[in-house]
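One-letter residues, chain by chain:
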Amino acid sequence: MTKATTRRWFFIGTAVFTLAFIALTIHTHTTIAGRTHEDRLTDEVRRGAHVWARYNCENCHTLLGEGAYYAPDLTQVVQQRGAAYLTQFMANPAQFYSEARDGRLMPTLGLSTQEITDVIAFLDWVGRIDTNGWPPRPILTSGVAVRAMPGVAGVAGADDPSSRGKALFNGPAVCASCHSIEPGVVLVGPSLSGVVKAAEARIHDPQYRGTARTAAEYLREAILKPSAFIVHDGVYASPQRVSFMPDTYERTLKPEEVEDLVAYMMTLQ
Amino acid sequence: MTYQSQRIAYAYFLASVLLFGLQVAFGFVSLAKYLGPDPLLNVLNFATSKAIHTNLLLVWVLTGFMGAAYYMVPEESRVEIYSVRLAYVQLALWLAIGVIAVVGYLFGVTAGRKFLEMPQPLKYGVVVVMVMFLVNILLTIRKAGRWTTTQGVLIGGLASAALLFVSGMIPFDNYTLDRFYRWWVVHLWVEGVWELILGAMLAFLLIRLSGADREVMEKWLYVIVGLTFLSGILGTGHHYYWIGVPQYWLWIGGVFSALEPLAFLAMTAYAYNLMRRSGLAHPNTLALHWTIGSAVMSMLGAGLLGLAHTWPQVNRWTHGTHITTMHGHMAFFGAYAMINLAMITYALPAFAGVPDESRDTRLGLWAFWLMVGGMFGMTMALAAAGITQTYLERIMGFGYLETQQKIQVHYLMWLATSIVFAAGVIAFIWDFAKAGLPRATVVKA
């Protein structure tokens, strides 16, 4: 083997792989619009992308798993935590987290209301990109949910509705990203420890405006219409009394899934 | 040092070494924020200190590369640099852009894309600097009419790096496309054309340190850079898995990026074989240490630790954790920091006009072992942090914040080993300063 041989090998090889890369790039480029549902890429989303860049967000956070590793991944944060909560959070992160308790705190960036709305629209759009199934399990900002063990985390295909509900709670429905079932542990929403007793009390609360007559009915209503009753021993809603909990579950969960979740929560005596 | 104009490299190396020190300082500022309450939270937040840390890395490594080119090209082409003044103007402009960028970050002016945070007008400035550099080098080679493979690979790498930088300047509304083309700069730099620069610098040093035959060396250099492109171009796919591209990138990225260690393995074998044959006889023992060290450490950091999480089946769990921090630190240090330090230690005695034999190497050896040992420890600490994080956060389902609190002990180890590393950096800068300014007289090599 001479230098001329290896030189030829280098140039031909490089040319072949460069061409292959360019061909794949052209094909990929044409598929991106569909995979990222570009029809929903509104001006709000565009402005939000600029907010994301201008405030250097990806040098602390990751998005689609890319960025720095100093703050949580935000790929599905809007789907997990809802716009109402995030609006309050970004205006003043210290309202919800403390360095003493959580180890880290996001700086107060002085974002305008418009910027907050835009960046939430951007993150919501990113959360709907077809990512080839990443992340395989929801990545949570805070909160503990031991999902690896079926006995603890519930079983998706079980006969027992409460076990199916438990699997949903800890898995695809990501309830566990905001609600702990430990007494007194507040993640974003109130702890669901003893929620059945709490539900029975709340339907008799003078501030209750809903239609439920039993604990199970209350829990179903709380999933589908979270603002029907705002728990008053913490910050769980915007000043306009809109619950931080997303009001999207009527669309995203099937009716039988809601029943499974209710069945599970009814075990939280 | 055979040519007067090689002294240009000294100014580049000086800037490079000082910026390296500053990079490490900002590394500590960032690391402190992992450990506890952050008194600078609303003054100098993590995003800023970390962006400065990584930008300084890119700037000092590129400064070193350009310095290396100004040192290598006169020797390879046997001629003085075309314009010495242009080279100094270029350095001044380059550093001015760097200073403006860093001051801008401190005041919140950023383009907010990891590694490419420089605002767009400054990026145009970078293009101007690169053009000045390439013109000066190419006119030098044309003047001499002598073109060697080693410098061809070096210039090819630097010119492609400049060209790819432009692809990172095109704005995209669609975030997936923004990511897609951002990797054309970041990946195709560090896992593509920068490896050409690395290979060329390695070949230049090995030819001189071992006295090996140039024809044989350059024959294998083509094999090395051939392997780099064979694996690295389509290997870009391993950054594409989860950003919204078609599924075929999973296996294309997986298979080709898994071949990326081959180029590094070839470089290590290249260095090992030559050194075994020449019996490590060259009197510049420091340059020998850094050269062989770079070949070995880049294989471990870039090759092996990259392979550890490149398969999509692994990466879907580890993506976005400290596994990347672990790989990134050792890869950049092994491949790009160490080869620059090798070139600097090789050139330093020649600048000062001191024979290699009479140089006191104690401090330089301390610098080498403290840095290598420190970086090895940092990588181990980050590996422990990354594996624990992956397990707790991604598999068990603990929240990000709870997981971070559980891996604090690894951050303490990161700090301890970083201090060892920083001691090495200080020793290196001290040793560099001790060598004194370059002498005006030409010393025949």
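Data block above holds the structure.
Thresholds applied
Residues numbered from 1 in each chain as written. Chains lettered and ligands numbered in written order. Predicted model: local features only at pLDDT ≥ 70, side-chain atom pairs only at ≥ 80, totals over all residues. Heavy atoms only, no water. Helix = DSSP H or I, 4+ residues; strand = E, 2+ residues; numbered from the N terminus. Rg over C-alpha atoms; globule rule 2.2 N^0.38 Å. Buried < 20%, exposed > 50% of the residue type's maximum accessible area, 1.4 Å probe, protein only. Areas by Shrake-Rupley, 256 points an atom, 1.4 Å probe, with all protein chains shown as cover. Contact = heavy atoms within 4.5 Å. Buried area = accessible area lost by both parts, 1.4 Å probe. Salt bridge = Lys/Arg side-chain N within 4 Å of Asp/Glu carboxyl O. Polar contact = N/O pair within 3.5 Å; in protein donor to acceptor, adjacent residues only side chain to side chain. Nonpolar A, V, L, I, M, F, W, Y, C, P; charged D, E, K, R; others polar. Axes fitted to C-alpha atoms, helices over the stretch in contact; angles between N-to-C directions. Parallel < 35°, antiparallel > 145°, perpendicular 65-115°, else oblique. Patch = residues over 30% accessible without salt bridge, like charges linked within 9 Å, V, L, I, M, F, W, Y side chains within 5 Å.

J.: I tried to follow the overall build of chain B on my own but got confused; where do I start?
T.: Helix and strand counts for chain B stand at 15 helices and 0 strands. Radius of gyration (C-alpha) of chain B: 21 Å, near the 22 Å computed for a compact globule of 445 residues. Along the longest, intermediate and shortest principal axes, the C-alpha atoms of chain B span 65 × 45 × 45 Å. Taken across its 445 residues, chain B has 66% of its residues classed as buried. As displayed, chain B has an accessible area near 15,300 Å², and 72% of this comes from carbon and sulfur atoms.

J.: Teacher, can you tell me more about the interface of chain B and chain A here?
T.: How big an interface is tends to be expressed through the accessible area that disappears when the partners come together. Taken together, the contacts link 85 residues of chain B with 76 residues of chain A. Summed over both partners, the interface of chain B with chain A buries about 6,900 Å², with 61% contributed by carbon and sulfur atoms. Area buried by chain B at its contact with chain A is led by Tyr175, Tyr222 and Tyr400 of chain B, which between them contribute 11% of it. Inspection of the chain B/chain A interface yields 5 salt bridges. Note that Asp173 of chain B and Arg46 of chain A form a salt bridge whose closest N and O atoms lie 2.8 Å from each other. At the boundary of chain B with chain A, the tally comes to 41 residue pairs in polar contact (both at pLDDT 80 or more). No other element matches helix H7 (residues 214-235) of chain B, which puts 13 residues into the side of chain B that touches chain A. Residue classes in the side of chain B that touches chain A are distributed as 42 nonpolar, 27 polar and 16 charged.

J.: How should the packing of helix H5 (residues 149-167) of chain B against H7 of chain B be read in this particular structure?
T.: In a pair of packed helices, the angle between the axes and the distance between the axes together describe the arrangement. All names here are of chain B. Look at H5 against H7: their axes get within 9 Å of each other, and the N-to-C directions meet at 25°. By the angle between their axes, H5 is roughly parallel relative to H7. Contact residues: H5 offers Thr149, Thr150 and Val153, while H7 offers Arg214, Glu218, Leu221, Tyr222 and Val225. A per-class count over the contact of H5 with H7 returns 4 nonpolar, 2 polar and 2 charged.

J.: Would you take a moment to explain the packing of helix H9 (residues 195-202) of chain A against helix H10 (residues 215-224) of chain A for this structure?
T.: All names here are of chain A. Between H9 and H10, whose axes approach to 8 Å, the crossing angle comes to 95°. Between H9 and H10, the interaxial angle falls into the category roughly perpendicular. In this structure, H9 contributes Val195, Val196, Ala199, Glu200 and Arg202 to the contact, and H10 contributes Ala215, Tyr218 and Leu219. Along the lines of polarity and charge, the residues of the contact of H9 with H10 split into 6 nonpolar, no polar and 2 charged.

J.: Is there a simple way to think about a nonpolar patch on the surface in this case?
T.: All names here are of chain B. Judged by side-chain polarity, Val99, Val103, Leu106, Phe107 and Val109 come together as a nonpolar surface patch covering roughly 480 Å² of accessible area. Structurally, Val103 is set in helix H3 (residues 84-106). Of the residues examined, Val103 reaches a relative accessible area of 39% and is grouped as partly exposed.

J.: Any chance you could explain the environment of Phe172 of chain B here in plain terms?
T.: Along the polypeptide, Phe172 of chain B turns up in the loop between H5 and helix H6 (175-210). Those residues in contact with Phe172 of chain B that lie beyond four places of it in its chain are His29 of chain A together with Leu177, Asp178 and Tyr181 of chain B.

Taken by themselves, the reported measurements are silent on function.
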